[in-house]
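# A structural walkthrough
If you want the building blocks of each chain, they are given just below.
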Amino acid sequence: MEKKLVIPQDLMLEPQDSSVDVSWSPVKGANGYVISLFNAQQPEVCIKKRYAGGTSKHILGLVNGREYLVSVCAYYYDKNTEVLGPATEKLSVVPVSVRLKAQNVICIKVGE
């Protein structure tokens, strides 16, 4: 008999510096979760997929100030085949730096 997975609930996104923390509530019967990341300008194109065994994941390599969309679905294995459950709605997140990042600049006056 085939399992029926439900949509993960309580999806939370916490923007970080060039990254995002993603968390959600557990789904009964799931072996793990797939986190899908999309560029908000092209929401139909998945740009990153990450797997998690638990109910949270830290995703690195994002660009601060750029809007991303995130969704999560549960999966289980059936005879070595990954079976995906339904995904959450895509939520928006914008990574930001909490510290000012500036290049090292040397200013000199004309004639110095």
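For the structure itself, consult the block above.
The shown structure was predicted, so the numbers you read here are calculated from the model rather than taken from an experiment.

This structure, assessed with the given rule, holds 3 aromatic pairs. Aromatic pair Y51 and Y75: ring centres 5.7 Å apart, planes at 75 degrees, arrangement edge-to-face. One end of the pair, Y51, is in strand β4 (residues 46-52); the other, Y75, is in strand β6 (residues 68-78), and 24 residues separate them in sequence. On the accessibility criterion, Y51 (41% relative accessible area) is partly exposed.

Another aspect to go through is the environment of E82. Relative to the helices and strands, E82 is located in strand β7 (residues 81-87). Placed 51 residues apart in sequence, E82 and N31 show a C-alpha to C-alpha distance of 9.3 Å. Non-local contacts of E82, meaning those with residues more than four positions away in its chain, are made with V34, Y51, Y75, Y76 and Y77. In terms of polar contacts, E82 uses its side chain to reach the side chain of Y51, at 3.1 Å.

Rules used in this analysis
- Residues numbered from 1 in each chain as written.
- Predicted model: local features only at pLDDT ≥ 70, side-chain atom pairs only at ≥ 80, totals over all residues.
- Heavy atoms only, no water.
- Phe/Tyr/Trp six-rings, centres within 6.5 Å; stacked < 30°, edge-to-face > 60°.
- Helix = DSSP H or I, 4+ residues; strand = E, 2+ residues; numbered from the N terminus.
- Buried < 20%, exposed > 50% of the residue type's maximum accessible area, 1.4 Å probe, protein only.
- Contact = heavy atoms within 4.5 Å.
- Polar contact = N/O pair within 3.5 Å; in protein donor to acceptor, adjacent residues only side chain to side chain.

Taken by themselves, the reported measurements are silent on function.
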